[in-house]
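Chain by chain, the residues run as shown.
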Amino acid sequence: MKRTFFYPCNPRGQGRPRFAGKVAYKSSEDRAYEQGIRMAYVAAYPGRAPLQGACSVTITALYPIPKSVSKKMREQMIAGLALPIVRPDIDNVYKAVLDALNGTAFADDKQVVEGLMRKFYGTTPGLLVEIEEVEHGEAETLPILHE
């Protein structure tokens, strides 16, 4: 069964750790962002236990359309014909979401064996997250591994 939820936000990436002496910690902005993602999941799936098996996670980051673009460009952005080649990098966005859902949507992010991350412009910026437990034999396999 697929678990899908939307978190309205301006997509952010995993921030760099801060240090107090030799102790690393997350900034308050990063903690608040992760808490928002976690709460959006909990609101969509209250009382659900974390998934225990292998998981597939698909994240679609929807970026705000800049106010300065023309009407024509805005239409292209909404249609997915103009893509956001902007920061943050997709790997940082993906990592932030996995860290936020660790222990809530799945027991540990090591369970994620398959993933997809996409960036688009959207009229409502945010993160669309789809999590699905992958049954044995359903994950994509590389033919070269089985020759």
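Criteria and thresholds
- Residues numbered from 1 in each chain as written.
- Predicted model: local features only at pLDDT ≥ 70, side-chain atom pairs only at ≥ 80, totals over all residues.
- Heavy atoms only, no water.
- Salt bridge = Lys/Arg side-chain N within 4 Å of Asp/Glu carboxyl O.
- Buried < 20%, exposed > 50% of the residue type's maximum accessible area, 1.4 Å probe, protein only.
- Helix = DSSP H or I, 4+ residues; strand = E, 2+ residues; numbered from the N terminus.
- Expected span 1.5 Å × (residues − 1).
- Contact = heavy atoms within 4.5 Å.
- Phe/Tyr/Trp six-rings, centres within 6.5 Å; stacked < 30°, edge-to-face > 60°.
- Lys NZ or Arg CZ within 6 Å of the ring centre and 35° of its normal.

To continue, consider the pattern of salt bridges. All chains considered together, the criterion is met by six salt bridges. A salt bridge links Asp-89 to Arg-87; its shortest N-O distance comes to 3.8 Å. Its relative accessible area of 71% is what places Arg-87 among the exposed residues. The salt bridge involving Glu-130 is made with Arg-118; its shortest N-O contact spans 3.9 Å. You can see Glu-130 sitting in strand β6 (residues 126-133) and its partner Arg-118 sitting in strand β5 (residues 112-122), a full twelve residues away along the chain. Here Arg-118 falls in the partly exposed class, since its relative accessible area comes to 30%. Through salt bridges with shared partners, one network takes in Lys-2, Arg-118 and Glu-130.

Between its first and last C-alpha atoms helix α3 (residues 90-101) spans 17 Å; for twelve residues at 1.5 Å apiece the expected length is 16 Å, and the two agree. Of all twelve residues in α3, nine are buried; the element is thus mostly enclosed. Looking at α3, one finds that the buried residues are Asn-92, Val-93, Tyr-94, Ala-96, Val-97, Leu-98, Asp-99, Ala-100 and Leu-101. Its buried side turned inward, α3 meets β1 (2-8), α1 (28-44), β4 (55-64), β5 and β6. Downstream of α3 by a residue or two, Gly-103 has a phi angle that is positive, lying close to 85 degrees.

Quick look at the packing of aromatic side chains now. Scanning the model with the defined rule gives three aromatic pairs in all. An angle of 75 degrees between the planes, with centres 5.6 Å apart, marks the rings of Phe-5 and Tyr-41 as edge-to-face. Within this pair, whereas Phe-5 is found in strand β1, its partner Tyr-41 is found in helix α1, the two being separated by 36 residues in sequence. Exposure remark for Phe-5: the relative accessible area of 4% places this residue in the buried category. Look at Tyr-41 and you get buried, because its relative accessible area is 1%. Here Tyr-41 and Tyr-45 contribute two aromatic rings whose centre-to-centre distance is 5.5 Å and whose plane-to-plane angle is 35 degrees, an arrangement assigned as tilted. Summarising the burial analysis for this pair, Tyr-41 and Tyr-45 share the class buried. By the ring-pair criterion, three or more aromatic residues cluster together here, those being Phe-5, Tyr-41 and Tyr-45. The cationic tip of Arg-12 hangs over the ring face of Tyr-33; the distance from NZ or CZ to the ring centre is 5.5 Å.

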